Amino acid sequence: MLAFLRIPSPRSLGMRRQQARASLWSDVRFGVDYIRRRPPLLWLLATFAVVNLCLPLGVFMPLLVKVNLAADWAARGMTYETALATLNTMMAAGGLAGGVLVSIWGGARRRRVVVLLLTMALGGVAQVGLGFMPGLYLAGAAAFLISFCGPMSNAHSQAIWQGQVPREAQGRVFAVRRVMAQGLHPLGQVLAGWLAARLDPGVGLALLGGVITLVSGAQLLNQQVMRVEDRAYVEGLASRAEA
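### A word on the layout of surface pockets
Next, step 1: Each pocket or cavity is described by its volume, and for the largest pocket that value is around 600 Å³.
Next, step 2: Taken together, 28 residues make up the lining of the largest pocket; nearest its centre are Phe-48, Asn-52, Leu-55, Ser-153 and Asn-154.
Next, step 3: Ranked by residue count, the leading element in the lining of the largest pocket is helix α7 (residues 136-164), at nine residues.
Next, step 4: Considering only residue class, the lining of the largest pocket consists of twelve nonpolar, 14 polar and two charged.

Right, dumping it as structure tokens:
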């Protein structure tokens, strides 16, 4: 797919010019400062970081099949490997369906942040359901919905960031954004193992899904997040922070 894309390298237009020989750390500082001076973007980034912390499906899925769903797939005459492959396939199908749909639709043109937060919250609800579903195919339906919501939320998030960050700053800002958003993911793997051992794989997964739902839903009441697409407002906050 990359062969069909044009990736521009825009020159610096209206932004503060960097030193002729900019260092890696100066680029990192630029990205951090850019996000820090714009609280709506920072809130959005923090929300994604929490969601990534609470989404360690790679740890939970094998345990869920082995412990919580064992009675169901055994009654169906399946092996553990077949049951896990079935659940993973249904989850993958959800991601594919979500990606195809958002590609055909093109996403929301206005109020993208509402679609973003609602799909994240819906994914959290589906994760709660996945943790408590007693049957393999019901769990597969919940896993399908979790993955279906992923491309929806990610596409709208990317559209918001691309609309708010000038082209000539996107490389530096998006690199910092990616590290910060994904930085808690390894901790989520540790947390998943601890919850599965202390509680139960299904309960642990549902608990983290509840956190995703609450955090995502709470941002609908956060006026800074809800105005993240108002570029004049966001840049006004940045100007006041820099002054």
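Next comes the rest of the description.
### Observations concerning the pattern of salt bridges
Next, step 1: In this structure the tally under the stated criterion is four salt bridges.
Next, step 2: Residues Arg-38 and Glu-235 are paired through a salt bridge, measuring 2.9 Å at the closest nitrogen-oxygen approach. Pair noted here: Arg-38 is in the loop between α1 (24-36) and α2 (39-53) and Glu-235 is in helix α12 (residues 231-242), with a separation of 197 residues, a long-range link.
Next, step 3: Of the residues examined, Glu-235 reaches a relative accessible area of 24% and is grouped as partly exposed.

### Section: helix α10 (residues 201-218)
Structurally, the α-helix is built with 3.6 residues per turn, so residues lying three or four positions apart point the same way.
Next, step 1: Compared with an ideal rise of 1.5 Å per residue, which puts 18 residues at 26 Å, α10 spans 26 Å between its outermost C-alpha atoms and is within 8% of the ideal.
Next, step 2: Looking at α10, one finds that the buried residues are Pro-201, Gly-202, Gly-204, Leu-205, Ala-206, Leu-208, Gly-209, Ile-212 and Ser-216.
Next, step 3: Where α10 is buried, its residues contact α2, α3 (57-68), α6 (112-132) and α9 (185-198).
Next, step 4: Near the N-terminus of α10, the side chain that reaches the backbone nitrogen of Gly-202, with its oxygen 2.8 Å away, is that of Asp-200.

### Concerning the environment of Gly-31
Next, step 1: As for its position among the elements, Gly-31 is in helix α1.
Next, step 2: The exposure class of Gly-31 is buried, given its relative accessible area of 0%.
Next, step 3: Contact partners of Gly-31, with chain neighbours within four places excluded, come to Arg-172, Val-173 and Val-176.

So, how was this worked out
- Residues numbered from 1 in each chain as written.
- Predicted model: local features only at pLDDT ≥ 70, side-chain atom pairs only at ≥ 80, totals over all residues.
- Heavy atoms only, no water.
- 1 Å grid on protein atoms, 1.4 Å probe; cavity = no way out; pocket = protein on both sides within 12 Å on 5 of 7 lines; lining within 4 Å.
- Points joined across faces, edges and corners; volume = space filled by probe spheres on them.
- Helix = DSSP H or I, 4+ residues; strand = E, 2+ residues; numbered from the N terminus.
- Nonpolar A, V, L, I, M, F, W, Y, C, P; charged D, E, K, R; others polar.
- Salt bridge = Lys/Arg side-chain N within 4 Å of Asp/Glu carboxyl O.
- Buried < 20%, exposed > 50% of the residue type's maximum accessible area, 1.4 Å probe, protein only.
- Expected span 1.5 Å × (residues − 1).
- Contact = heavy atoms within 4.5 Å.
- Polar contact = N/O pair within 3.5 Å; in protein donor to acceptor, adjacent residues only side chain to side chain.

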